[in-house]
Amino acid sequence: MSNRNIPEVGECQFVSYHIPKWKEDGTCHWNDVQLQPKSFNAEAKCILPPRKVIPVIFLPGIMGTNLMSKGDDKKEMWRGDAGYEIFLQWAERTGHERKNILNPKTTTVDNRGLVDKEVYTPFSDDGYLFPKRHDRGWGEALNYSYGRFLSVFQAALINDWQSNVLNFERLSKGDIKLPYVSILNEFVEKPLGTEEKENEQTLTQKELDHFNRFLFPLHVFGYNWLADNAESASKLVEYIDNVIKLYRCHGYGLAVEKVILVTHSMGGLVARYAMNPTPESTFDGCQNKVLGVVHGVIPDLGSPAAYRRMGTGASEEGHTAGHILGWSAKELMPVLAQSPAPLQLLPYPSYKSPWLFIPEEGSYPQTIDPETGKPDPFKDIYLRNDVWWKLYRPDILDKDSVVIDNNWLAYQDIMDDTVRQFMYHQEKKLYHPNTYVFYGNQVESDGYLDWVPTKLTVSPYVFSQGEPHLPPTNRQKREKGQLAKELKLNSSKTAGDGTVPIESFSAIYAHRSIKSILATNVDHQDAYKVDDIVDIKSRPAIQFTLRAIIKMVMDVPLND
């Protein structure tokens, strides 16, 4: 035997590289290290993954959270596991049925929804590395709307370091074929066309390398989208505390005791209020526990679409969505009138006025509130019960005069005590100091609304036999001694995302807390739509969201 085959003392005869595995508590281990033959003078090198945790919490938009009854039966009230199931459940339901089922006082969040099981990363996030997806709230979000997005987004947050680990292992074995793709590397130095105070700050390799030293478990905070958004905000504060406590024990602990919030639509209003509650609130704000926020298509100053949907139903949202939401006002209005959160999406006093035009009567709002110096949509529109174009018709389902009066008083209390106060507080323009925003600017939206005279679709003489069956978008104006006139509610079809017009973002543009803004071609409902990891390349909104998170993390020390 040749002496050159005998290793010298201290010389390593065999070097092996070992990829990590995870225990149920989130700590990693290398259980194959001791499997090397004892005859080898072997050296085992353990490849270290990131070990510091920064949780990301996603807040769905309106109707984006599963709901069940508060009773012992815990009956499904609103569930969105698949689109055809929602359609079959809701297409034929009457206004009375909808009002009884979708009641903010009798519903609560349901965490039993379907959870997408697709994993796009070599190491699964569904248990061990992180707590199971269901335990991170994924079952609270409508799977039909968000299931695929959650899986893809979670993958994007943790894919790059996993690819680096596995590619390194292959290189160590002399295999130069690297099958694992680092998706975020594709966006380094790639401009998105954002709007900032200075030149766009593109993603740098240094920022990405730092980002890849952390773990980002994705959580979902579902909330009752019928109830007051301020109430949901208080529960978000509690949820953030629980998430922070969780990662003190799971894995290797937090890098900083803060989370990142990513919001969709009305979820942004909940997050903003949670970070900056009113002085009268029963909870403290959580801004000091939030590293940064990405708001997607946030209705920052509300939208006239809320008036249109309540006043005429959702027939113009398309066949499927229209029948699910409520085709006519008779189906949708009774639900919205008893639900504070949807009413908090109406145009705020600061929204560009006037935005509602009535032929022969004027444009609204037109009254200036002497206390705020802003237009007063409550006095001019929301609390009017003396005009044919009123926002709420308390007799739309009920004909008993006592019930009608009680309906109006209940609605009036919600508008005065809950909706008005929420809007006034939101208009103080309180944003997290590390805020990123994207919105849509290329889809026709309700920038303002017009009641336009149109030809009669029902004979005016039918009134003696009861209310006529009009097209959902129409109302008839009845004046004593005159024939009825029929009017149709028309949208301005100005720029936006299909629901929120660009006018709703005027407060955001000038605010110093906003780090970056992306205006892009995105639809409101599908703002976070993405098919798979590769599809991120064609989704500027998703790229922007990921880039924002990477930049938020740059100043977080590793503390290794």
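Residues numbered from 1 in each chain as written. Predicted model: local features only at pLDDT ≥ 70, side-chain atom pairs only at ≥ 80, totals over all residues. Heavy atoms only, no water.

## Let's talk about the overall build of the protein
Now for step 1: If you tally the helices and strands in the protein, you get 14 helices and 20 strands.
Now for step 2: Dimensions along the principal axes, computed over C-alpha positions, put the protein at roughly 120 × 55 × 45 Å.
Now for step 3: Among the 560 residues that make up the protein, the fraction classed as buried is 56%.
Now for step 4: When contacts within the protein are restricted to residue pairs at least 6 apart in sequence, long-range pairs at least 24 apart make up 76% of them.
Now for step 5: Total accessible area on the protein stands at roughly 24,900 Å², and carbon and sulfur atoms take up 49% of it. (Helix = DSSP H or I, 4+ residues; strand = E, 2+ residues; numbered from the N terminus. Buried < 20%, exposed > 50% of the residue type's maximum accessible area, 1.4 Å probe, protein only. Contact = heavy atoms within 4.5 Å. Areas by Shrake-Rupley, 256 points an atom, 1.4 Å probe, with all protein chains shown as cover.)

## A short note on the packing of aromatic side chains
Now for step 1: Taken as a whole and judged by the stated rule, the model has 31 aromatic pairs.
Now for step 2: Pairing Phe58 with Tyr528 gives two aromatic rings, centres 5.5 Å apart and planes at 85°, and the pair type is edge-to-face. In this pair, Phe58 is assigned in strand E6 (residues 56-59) and Tyr528 in the loop between strand E20 (514-520) and helix H14 (540-553), connecting sequence segments 470 residues apart. Across this residue pair, the class does not change: Phe58 and Tyr528 are buried.
Now for step 3: Seen from their ring centres, Trp408 and Tyr411 are 5.2 Å apart, and the 50° between their planes marks the pair as tilted. Of this pair, Trp408 and Tyr411 are both found in helix H12 (residues 401-426), three residues apart, which corresponds to roughly one turn of the helix. The pair Trp408 / Tyr411 is uniform in exposure class, with both members buried.
Now for step 4: Taken together, the ring pairs connect Phe58, Tyr146, Phe149, Phe153, Tyr436, Phe438, Tyr528 and Phe544 into an aromatic cluster.
Now for step 5: Looking at Arg272, its charged tip hangs above the ring of Tyr431, at a distance of 4.3 Å from the centre. (Phe/Tyr/Trp six-rings, centres within 6.5 Å; stacked < 30°, edge-to-face > 60°. Lys NZ or Arg CZ within 6 Å of the ring centre and 35° of its normal.)

## So, the domain arrangement of the protein
Now for step 1: As far as domains go, the protein holds domain 1 (52-69 + 112-290 + 499-554) and domain 2 (304-428 + 449-491).
Now for step 2: Computed over C-alpha atoms, the centres of domain 1 and domain 2 are 36 Å apart.
Now for step 3: If you look at the interface, domain 1 gives 19 residues, while domain 2 gives 18 residues.
Now for step 4: In total, domain 1 and domain 2 occlude about 1,600 Å² of area from one another, counting both sides; carbon and sulfur atoms represent 65% of this.
Now for step 5: Taken together, the links from domain 1 to domain 2 amount to zero salt bridges.
Now for step 6: Inspection of the domain 1/domain 2 interface yields seven residue pairs in polar contact (both at pLDDT 80 or more).
Now for step 7: In terms of residues, the side of domain 1 that touches domain 2 owes the most to one element, helix H6 (residues 266-275), which gives four residues.
Now for step 8: When the residues that make up the side of domain 1 that touches domain 2 are grouped by side-chain class, the tally is eleven nonpolar, five polar and three charged. (Domains from an automatic or database assignment. Buried area = accessible area lost by both parts, 1.4 Å probe. Salt bridge = Lys/Arg side-chain N within 4 Å of Asp/Glu carboxyl O. Polar contact = N/O pair within 3.5 Å; in protein donor to acceptor, adjacent residues only side chain to side chain. Nonpolar A, V, L, I, M, F, W, Y, C, P; charged D, E, K, R; others polar.)

## A short note on H14
Now for step 1: Helix length check: H14 (14 residues) gives 20 Å between terminal C-alpha atoms against 20 Å at 1.5 Å per residue, within 8%.
Now for step 2: Within H14, 13 of the 14 residues are buried, which leaves the element mostly enclosed by the surrounding structure. (Expected span 1.5 Å × (residues − 1).)

## Some points on the environment of His219
Now for step 1: If you trace the backbone, His219 turns up in strand E11 (residues 218-220).
Now for step 2: A sequence separation of 171 residues divides His219 from Leu48, and the C-alpha atoms of the two residues are 24 Å apart.
Now for step 3: Within polar-contact distance, the side chain of His219 engages the side chain of Tyr247 at 2.7 Å.

## So, the nonpolar core
Now for step 1: Counting residues in each nonpolar core, the largest one holds 158 residues, and the members touching the most others are Trp78, Phe216, Leu261, Tyr307, Trp389, Tyr411 and Ile549.
Now for step 2: The biggest single contributor to this core is helix H3 (residues 143-172), with twelve residues.
Now for step 3: In this structure, this core is formed jointly by two domains, domain 1 (52-69 + 112-290 + 499-554) and domain 2 (304-428 + 449-491), each of which donates at least three residues.
Now for step 4: Residues within four places of Trp389 in sequence aside, it is in contact with Tyr307, Leu356, Ile358, Glu361, Tyr364, Asp380, Ile381, Arg384, Trp451 and Arg475. (Core = buried A, V, L, I, M, F, W, Y, C linked by side-chain atoms within 4.5 Å.)

## Topic: the packing of helix H7 (residues 305-312) against helix H9 (residues 329-337)
Now for step 1: Contact geometry of H7 with H9 gives a least axis separation of 6 Å together with a crossing angle of 120°. With respect to H9, the axis of H7 lies oblique. The segment H7 lies against H9, with Arg309, Met310, Gly311 and Thr312 engaging Ala329, Leu332, Met333, Leu336 and Ala337.
Now for step 2: In terms of residue class, the contact of H7 with H9 is built from six nonpolar, two polar and one charged. (Axes fitted to C-alpha atoms, helices over the stretch in contact; angles between N-to-C directions. Parallel < 35°, antiparallel > 145°, perpendicular 65-115°, else oblique.)

## So, the side chain of His219
Now for step 1: Overall, His219 belongs to the buried group, its relative accessible area being 1%.
Now for step 2: The contact partners of His219, leaving out residues within four places of it in the chain, are Val56, Ile57, Phe58, Arg136, Trp138, Tyr239, Val243, Leu246 and Tyr247.

## Let's talk about the sheet that holds strand E19 (residues 485-491)
Now for step 1: Read across the open sheet, the five strands follow the order E15-E14-E17-E19-E18; overall the sheet is mixed. Unpaired on one side and paired on the other, strand E15 (362-364) and strand E18 (474-477) mark the two borders of the sheet. Neighbour to neighbour, the strand axes of the sheet diverge by 30° on average, direction disregarded.
Now for step 2: Here four bridges tie E18 to E19, and the two strands are oriented antiparallel to one another. Its bridge partner being in E19, Arg475 is matched across the sheet by Leu487.
Now for step 3: Set on the sheet, H7 makes contact with strand E14 (356-358), strand E17 (449-454), E18 and E19; between it and E17 the angle comes to about 40°. (Pairing = 2+ DSSP bridges.)

## Digging into unusual backbone geometry
Now for step 1: Cis peptide bonds are those with omega within 30 degrees of zero, and the linkage from Ser353 to Pro354 qualifies with -10°.
Now for step 2: Tracing the chain through its elements places Pro354 in the loop between helix H10 (340-343) and E14.
Now for step 3: Going from Tyr364 to Pro365, the amide bond is cis rather than trans, its omega being -5°.
Now for step 4: Within the element layout of this structure, Pro365 appears in the loop between E15 and helix H11 (377-382).
Now for step 5: Not every positive phi belongs to a glycine, and Met63 is a case in point at roughly 70°.
Now for step 6: Position of Met63 among the secondary structure elements: in the loop between E6 and strand E7 (67-69).
Now for step 7: Accessibility expressed as a relative area gives 17% for Met63, which makes it buried.
Now for step 8: Unusually for a residue other than glycine, Lys493 sits at a positive phi of about 55°.
Now for step 9: Residue placement: Lys493 occurs in the loop between E19 and helix H13 (506-509).
Now for step 10: Taking the relative accessible area as the measure of exposure, Lys493 reaches 53% and is therefore exposed.

## A short note on the packing of helix H5 (residues 229-249) against H6
Now for step 1: The interhelical angle for the contact between H5 and H6, taken along N-to-C directions, is 65°, at an axis separation of 8 Å. Judged by the inter-axis angle, H5 sits roughly perpendicular to H6. Between H5 and H6 the crossing geometry is right-handed. Each of Asn229, Ala230, Ser232, Ala233, Leu236 and Val237 in H5 lies in contact with H6, whose residues at this interface are Met266, Leu269, Val270, Ala271, Tyr273 and Ala274.
Now for step 2: Considering only residue class, the contact of H5 with H6 consists of ten nonpolar, two polar and no charged. (Left-handed = near helix turned anticlockwise from the far one by under 90°.)

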